[in-house]
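Chain residues, written in single-letter form:
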Amino acid sequence: MDNQSSLNKLQTSQSIAPALSRLRKTLGDERVSEKTHKYEIATFESNKKILAVIYPNTTEQVAECLKIANEFKLSIYPISGGKNYGLGSTVPNVSGSLILDLKHLNRIYDYDEELAHVTLEAGVTFKQLEQFLEDEGGRLIMDGIGSTPEASIVGNTVERGHGMGLYADRLDHVCAMEVVLPDGSIINTGFERYGENKVAKLSKWGLGPALDGIFTQSSFGIVTRLTMWLRPKPKFFQSLIIHAPTSDQMAVLVDRFRQMRLDGLNVSMRIFNDYRLVAFSSQYHNLKNNTTDYLSQEDIDKNKPEGSGQWIGIAGLYSFSPLHAKAEREFILDTLKDQDLAIEVIDKEEADLRVRQDPSKREEMDFFFYKSSLAGYTTDKAINMCYWRVPGEIPSKKDIHKDSCGLYWYCPVIPCRGKDALIAANKIQEISYKYALEPNIGFLFISERALDITGAICFNKQNPEEAERAAKCHDEILESMLQLGYPPYRLGIQSMNMFSNTETYSQDLLKRLKTTLDPHNVLAAKRYSSL
């Protein structure tokens, strides 16, 4: 029996009573709870058991919790918001764990408008920072998120989640991490570790080996704080909605926008298929289905809004002046004029006109312009698609765990080339239809060179047979993408075995780092690790 198995066997609610007593003395009675049920629920079936939940309030308390964990050989699983929907939510990789919830570390400080940065603790949400920036005058914006506004910025960053705008590669735009190591030591990364200096929050790497990366997608430490770089609010923001009738035209769209980005145009882009478009505002059981046990392309064509393409691109164009805005818009339109694309351009004048003519358009214009995630705002509209196959209507107050939403994300990364997007999309569609599920596919320009796939498998969690099909579909898509040369950039808790595909010497180095930093394996066992 390995060390982790032995540890899990020993840990029960009775055996950890002395440890919980120590934790209560450290944190206070109200910060230690044995009510764990809601933390054991994911958007897919999970049988992992949690023994307790602890709620530190400061970095120093996080450090004390880890020291106690080492003394009592506890298995600790940190979360910062628990909104890792479709990838495990709050559920740990191994049973017998204690959840360390960082939601009370929610302070924002060291805001610098001149140099455009802000420092955040691990519990700060996207919605919280959005409101903070608005309260400070709205002159700076963050890079938004396509998921719930209640997600943690630090949590999303260390999982290498992405943004929606020009700073989509979120990890590339943070620095000065504060990290609690598994033994309770507290360190800082970059120039922050040199004490008082004027560049710690401005220059990413520091001097000597850079450490930031090893604390992302790892169990080497808990990031309790970091500095996030912001952008000035664009003086002239325009949103472009592009409808591509066919997958071949989607591929052209990828190639044209890649070149525009490489040439230096300040434009962000995400592309998703019509299945996702329909899932934003409808549910499976309310739509016409004349052909199969799932909605075929023919069925989707009958149910999507008139004029919608098979693929929809939403681009954000960020310009310096009205003249730049006009020239750049015309450049994009000219670049795409040989394609049969329906293109809407929405600027403030156009958005205001639509709302004046029809006040009911306000919500739509909020989504595409006034409060666009491409311009640093948050929205929970994308959460609607989690209810795609859930019986009943979407509630006004959404709780995807309580409402038994079934969801898997699959997250391969591919070259930013149209031919690769086409290959991936066709394979995903083929596998999804095989399991009688809808292919809900998105591509995001994480850079000029790579596309992140955000693929969703939405299913009825209350239907065991459908849930089993969804799990098999997810696994086959990931395996097929890997065979095509498109590895995942992020994994759910049920797929951590795929991490073992890396080269032997890399695995050996990571094991040595883990055993050196965490000899008792107390922190996030089996998370992006074989240990």
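Residues numbered from 1 in each chain as written. Predicted model: local features only at pLDDT ≥ 70, side-chain atom pairs only at ≥ 80, totals over all residues. Heavy atoms only, no water.

### Digging into the side chain of His117
Argument step 1. Among the secondary structure elements, His117 is positioned in strand E6 (residues 117-121).
Argument step 2. By relative accessible area, which is 5% here, His117 ends up buried.
Argument step 3. Ignoring anything within four residues of it in the chain, the contact list for His117 reads Asp110, Tyr111, Asp112, Lys201, Leu202, Thr227, Met228, Trp229 and Leu230. (Helix = DSSP H or I, 4+ residues; strand = E, 2+ residues; numbered from the N terminus. Buried < 20%, exposed > 50% of the residue type's maximum accessible area, 1.4 Å probe, protein only. Contact = heavy atoms within 4.5 Å.)

### Describing the sheet that holds strand E5 (residues 108-112)
Argument step 1. Taken together, 5 strands build an open sheet; the order of strands is E5-E6-E10-E8-E9 and the sheet is antiparallel. At either margin of the open sheet sits one strand with a lone partner, and together these are E5 and strand E9 (186-188). Along the sheet, successive strands turn relative to each other by an average axial angle of 15 degrees, direction set aside.
Argument step 2. Along the sheet, helix H3 (residues 59-72) makes contact with strand E8 (174-180), E9 and strand E10 (222-229), crossing E8 at roughly 45 degrees.
Argument step 3. Its contacts with the sheet put helix H4 (residues 126-135) on E5, E6 and E10, and the angle it makes with E5 is roughly 45 degrees. (Pairing = 2+ DSSP bridges. Axes fitted to C-alpha atoms, helices over the stretch in contact; angles between N-to-C directions.)

### Considerations on the environment of Arg469
Argument step 1. If you trace the backbone, Arg469 turns up in helix H13 (residues 464-483).
Argument step 2. Assessed through its relative accessible area of 18%, Arg469 is described here as buried.
Argument step 3. Sequence spacing of Arg469 and Phe459 is 10 residues, and the spatial spacing of their C-alpha atoms is 9.0 Å.
Argument step 4. Not counting residues within four places of it along the chain, the set of residues in contact with Arg469 comprises Tyr435, Ala436 and Leu437.
Argument step 5. At a separation of 2.7 Å, a polar atom in the side chain of Arg469 contacts the main-chain carbonyl oxygen of Tyr435. (Polar contact = N/O pair within 3.5 Å; in protein donor to acceptor, adjacent residues only side chain to side chain.)

### A word on helix H10 (residues 348-357)
Argument step 1. Along H10, the residues that are buried comprise Ala351, Asp352, Arg354 and Val355. All buried residues of H10 lie within an arc of 165 degrees about the axis, which places them on one face of the element. For H10, exposure combined with an orientation more than 90 degrees from the buried face picks out Glu349, Arg356 and Gln357. (Arc of directions from axis to C-beta.)

These figures capture arrangement, not role.
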